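Chain residues, written in single-letter form:
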Amino acid sequence: MMYLVEVKNMHILLKNKKIIDGINLKFLRGKITSIIGPNGSGKTTILRAICRNIKLSQGTIDLDGKDISSYSTKGFAKKVAFLSQNHECPEDIAVRELVRYGRYAHKSWWRGDTKEDDSVVGWALEMTGMIDFAERSMGTLSGGEKQRAWISMALAQKPELLILDEPTTYLDICYQLEILELIKHLNEKEGITVIMVLHDINQAARFSDEIAIIKKGKVFASGSPFDVINTDNLREVFGVETDITYDSSGGNPVFYPKCIACS
Amino acid sequence: MEGFHVAYFRFFAVSGFLISNSIGTMEISIPDILNAIFVKKEGPIRQVIWNIRLPRTIVAALAGANLAVSGAILQGVMRNPLADPHIIGISSGAGLAGVIILILFPHLTYLVPPVAFMGAMGAAVMIYALAWKGGIQPLRVILAGVAVSSFLSAGISGLMVFYSDRVSGALMFMAGGLSARSWPHVRMILPYTIFGCAASFIMAEKLNILVLGDDIAKGLGLNVEMDRLILTAIGAILAASAVCVVGLLGFVGLIVPHTVRLLTGSDHRFLFPASALLGAGLVMISDTLARTLFSPQEIPVGIITAALGAPFFLFLLRRER
């Protein structure tokens, strides 16, 4: 199957307000898809729906050809890992301990860690470059290191699909790139499918295979960065006039906002 | 590191046990205590230890452990460091239910523990429902809890005013003390302590994951609603059984888990057993002070736990920040 996740005719009402209004989206297996859109357009809601954290009013979501509601809680956690935008944990918890929680779905309650759990935790720490920080407590880490620890935890679930809600928010630009490069690396090396919401349109264009632009609960456009990042779309969705160039390395579109579009 | 601290707490609990048995109108040495418990089954020392001090000490220890573990659970589940069975009204729920039985149905006294548990659980559910708004927010929990607590306490006071001729049994229950507690009380609370502590130790890992937040916990494969309900029920059972035996004893469920958290960290696998030990030790020592400080006058043990606990708590808080 080409698509890992298929969202079909999804409607979501929250407090009688239409948040998502008939969305159809397909997410390619083994690719990075970014969801962009203005504040309040419903990006996060789409992620939360795919993770089963919000009930659909109408429509279905399939994961690997099966409806997401047909999976058991643990079975789902073995396939899908989700990092919400705000996550907190006790300051004194060690990084390795946090990453160990990622193994929860793979364990039985009466049994401790198996050799496999230990080796997966080690692998997850290795992948994110956190192995040297493994015994440090979360409270002593910088924002970028913390985020890498959380991604390690998600990796320890050994997911096929990694869902991230604005993984670079609150980070300095250098850490933002570090996280995005890590995500790209995980996608290319481990074949993990990634769906994420990104705030920065240029970063989305640079690091994604596919982009979906959401406006007022509907899909405004979707396709390769090259197809969807253009002056017309940006004016329509974000209300800004832009100049578009193409970056020197991969030819991805890069935009520069000039002014607010007159309507 | 954590193991080291748990050893400290164990030492504290054992000291509390020995001190509580040793001090009183009749001073008894530690060898004599052990002798009276295990070897010499007669004589005045055996009488004092076996019939008065030992059961009372055990009740104090079990009630302290229950309240401390209950507080540790509730603080985690409600994601609020101020959640304590006394403050947020779970004890009042148990208290109101217990007083209703004692005053309105005095012939059904044996129903007090199960009904008190239902009262505690009802209060917990009520707090939860009031604080729920698409998710649980720590501040709303505490506000709802304080409201529920006042509401239920008003119920208790109201009942006692309307049935002032029948309050004598209820007063004992309300006072929050350990005077005249003996073997029947031990038998009443012990099964709940064993069950509650064992269940909470099994659930410790799940609570560790639950405190990461609903979305993350669910994403990791935890059955969030179910596990939260189970944990709340365990917390309510522990608090209710303590209330049934020692009445409304405050502060233990708040101070003990916090102290432990500051010393050993927030991992519930250590937090629960260490809280149980510290809670047991604290109430045993507090009760010893309560009955000896102004001897022959006994004062309610709750006054001592508050007087000992509050300053220590503030000291820990200031040292950390």
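Residues numbered from 1 in each chain as written. Chains lettered and ligands numbered in written order. Predicted model: local features only at pLDDT ≥ 70, side-chain atom pairs only at ≥ 80, totals over all residues.

A look at the overall build of chain B
Line of reasoning, step 1. Within chain B, the regular secondary structure consists of 13 helices and zero strands.
Line of reasoning, step 2. The N-to-C order of helical and strand elements in chain B reads α-α-α-α-α-α-α-α-α-α-α-α-α.
Line of reasoning, step 3. A compact globule built from 321 residues would reach a C-alpha radius of gyration of about 20 Å, and chain B, at 19 Å, matches this within 12%.
Line of reasoning, step 4. Judged by the C-alpha coordinates and their principal axes, chain B covers about 65 × 55 × 35 Å.
Line of reasoning, step 5. Counting the 321 residues in chain B, one finds 52% classified as buried.
Line of reasoning, step 6. Sequence-distant contacts in chain B: of pairs separated by 6 or more residues, those separated by 24 or more amount to 75%. (Helix = DSSP H or I, 4+ residues; strand = E, 2+ residues; numbered from the N terminus. Rg over C-alpha atoms; globule rule 2.2 N^0.38 Å. Buried ≥ 20, exposed ≤ 12 C-beta atoms within 10 Å, placed from the backbone. Contact = placed C-beta atoms within 7 Å.)

Some details on the packing of helix α4 (residues 90-104) of chain B against helix α6 (residues 138-162) of chain B
Residue and element names in this part refer to chain B.
Line of reasoning, step 1. Interhelical geometry of α4 versus α6 gives an angle of 20° and a closest axis separation of 9 Å. Here α4 is positioned roughly parallel relative to α6, judged by the angle of their axes. In this structure, α4 crosses over α6, and the sense of that crossing is left-handed. Judged by residue contacts, S92, G93, G95, L96, V99, I100 and I103 of α4 engage S149, L152, S153, G155, I156 and L159 from α6.
Line of reasoning, step 2. Across the contact of α4 with α6, the residue classes tally to seven nonpolar, six polar and no charged. (Axes fitted to C-alpha atoms, helices over the stretch in contact; angles between N-to-C directions. Parallel < 35°, antiparallel > 145°, perpendicular 65-115°, else oblique. Left-handed = near helix turned anticlockwise from the far one by under 90°. Nonpolar A, V, L, I, M, F, W, Y, C, P; charged D, E, K, R; others polar.)

Let's talk about the interface of chain B and chain A
Line of reasoning, step 1. Taken together, the contact pairs 14 residues of chain B with 19 residues of chain A.
Line of reasoning, step 2. Broken down by element, the residue count for the side of chain B that touches chain A peaks at four residues, all from helix α9 (residues 214-219) of chain B.
Line of reasoning, step 3. A breakdown of the residues in the side of chain B that touches chain A according to their chemical character gives six nonpolar, six polar and two charged.

Quick word on unusual backbone geometry
Residues and elements named next belong to chain A.
Line of reasoning, step 1. The phi torsion at R52 lies on the positive side, around 70°, for a residue other than glycine.
Line of reasoning, step 2. Here R52 is to be found in the loop between α1 (43-50) and β4 (58-63).
Line of reasoning, step 3. Even without being a glycine, K158 presents a positive backbone phi close to 55°.
Line of reasoning, step 4. For K158, the position within the fold is in the loop between α5 (143-156) and β7 (161-165).

A look at the pairing of strand β2 (residues 17-28) of chain A
Residues and elements named next belong to chain A.
Line of reasoning, step 1. Across nine bridges, strand β1 (residues 3-14) lies against β2 in antiparallel orientation. Bridged to V7 within β2 is L25.
Line of reasoning, step 2. The turn joining β1 and β2, which pair antiparallel and follow one another in sequence, is formed by two residues; a positive phi near 50° is taken by K15. (Pairing = 2+ DSSP bridges.)

Focus on the sheet that holds strand β3 (residues 32-36) of chain A
Residue and element names in this part refer to chain A.
Line of reasoning, step 1. A sheet is described by the order of its strands in space; here six strands give the open sequence β6-β7-β8-β3-β9-β10, paired in mixed fashion. Each having just a single partner strand, β6 (80-83) and β10 (218-223) make up the two edges of the open sheet. Strand-to-strand twist across the sheet, computed as the mean angle between neighbouring axes with direction ignored, equals 15°.
Line of reasoning, step 2. Here strand β9 (residues 210-215) runs beside β10; their pairing, made up of five bridges, is antiparallel. Bridged to I213 within β10 is A221.

Looking at helix α3 (residues 44-77) of chain B
All names here are of chain B.
Line of reasoning, step 1. Along its 34 residues, α3 runs 48 Å from first to last C-alpha, staying within 8% of the 50 Å computed at 1.5 Å per residue.
Line of reasoning, step 2. Taken as a whole, α3 carries its principal kink of about 40° at R53; the proline P55 stands between one and four residues after it.
Line of reasoning, step 3. Of all 34 residues in α3, 25 are buried, a share of seventy percent or more.
Line of reasoning, step 4. Directly after α3, the chain includes R79, whose backbone phi takes a positive value near 50°. (Expected span 1.5 Å × (residues − 1). Bend = angle between axes of the 7 residues up to and from the residue.)

Quick word on the pairing of β6(A)
Residues and elements named next belong to chain A.
Line of reasoning, step 1. Because side chains alternate across β6, one face comprises the buried residues V80 and F82, and the other comprises A81 and L83, equally buried.
Line of reasoning, step 2. Direction of pairing for β6 relative to β7: parallel, over a ladder of four bridges. Along β7, the bridge assignment pairs A81 with L162.

Here's the deal with the sheet that holds β1(A)
Residue and element names in this part refer to chain A.
Line of reasoning, step 1. Pairing within the open sheet is antiparallel, and its four strands lie in the order β2-β1-β4-β5. Whereas interior strands pair on both sides, the edge strands pair on one side only; in this sheet they are β2 and β5 (66-67).
Line of reasoning, step 2. Bridge count between β4 and β5: two bridges; the pairing is antiparallel. Paired with L63 across the strands is K66, a residue of β5.

So, the confidence of the model for chain B
All names here are of chain B.
Line of reasoning, step 1. Chain-level pLDDT for chain B is 85 on average; 94% of the residues reach the 70-or-more range.
Line of reasoning, step 2. Considering each helix and strand of chain B separately, the mean pLDDT is smallest for helix α7 (residues 167-175), with a value of 68, and largest for helix α12 (residues 268-292), with 92.
Line of reasoning, step 3. Here the prediction assigns the complex a pTM of 0.86, and the interface score ipTM is 0.85. (pLDDT = per-residue confidence, 0-100.)

So, α4(B)
Line of reasoning, step 1. Along its 15 residues, α4(B) runs 21 Å from first to last C-alpha, staying within 8% of the 21 Å computed at 1.5 Å per residue.
Line of reasoning, step 2. Most of α4(B) sits out of view: 13 of its 15 residues are buried.

Observations regarding the environment of B:A129
All names here are of chain B.
Line of reasoning, step 1. Assignment of secondary structure puts A129 in helix α5 (residues 112-131).
Line of reasoning, step 2. Judged by the 10 C-beta atoms lying within 10 Å of it, A129 falls in the exposed class.
Line of reasoning, step 3. Placed 15 residues apart in sequence, A129 and A144 show a C-alpha to C-alpha distance of 9.0 Å.

What about the nonpolar core?
Line of reasoning, step 1. A:I163, B:A63, B:A116, B:A120, B:A239, B:A240 and B:A242 are the most contacted members of the largest nonpolar core, which totals 177 residues.
Line of reasoning, step 2. The element best represented in this core is α3(B), accounting for 16 residues. (Core = buried A, V, L, I, M, F, W, Y, C linked by C-beta atoms within 7 Å.)

Side note on the packing of α5(B) against helix α10 (residues 224-246) of chain B
Residue and element names in this part refer to chain B.
Line of reasoning, step 1. Orientation of α5 relative to α10, taken along the N-to-C sense of each, is 130°, at an axis distance of 8 Å. As the angle between them shows, α5 and α10 are arranged oblique. Our pair here, α5 against α10, has a crossing hand that is right-handed. Contacts from V112, P113, A116, F117, G119, A120, M121 and A124 of α5 reach α10 at T232, A233, A236, I237, A239, A240, S241, V243 and C244.
Line of reasoning, step 2. Looking at the contact of α5 with α10, its residues break down into 14 nonpolar, three polar and no charged.

Digging into the environment of B:L212
Line of reasoning, step 1. For B:L212, the location among the structural elements is in the loop between α8 (183-210) and α9.
Line of reasoning, step 2. Expressed as a C-alpha distance, the spacing of B:L212 and B:R79, which sit 133 residues apart in the sequence, is 9.3 Å.
Line of reasoning, step 3. B:L212 has contacts with A:H87, A:C89 and B:A217, leaving out every residue within four places of it along the chain.

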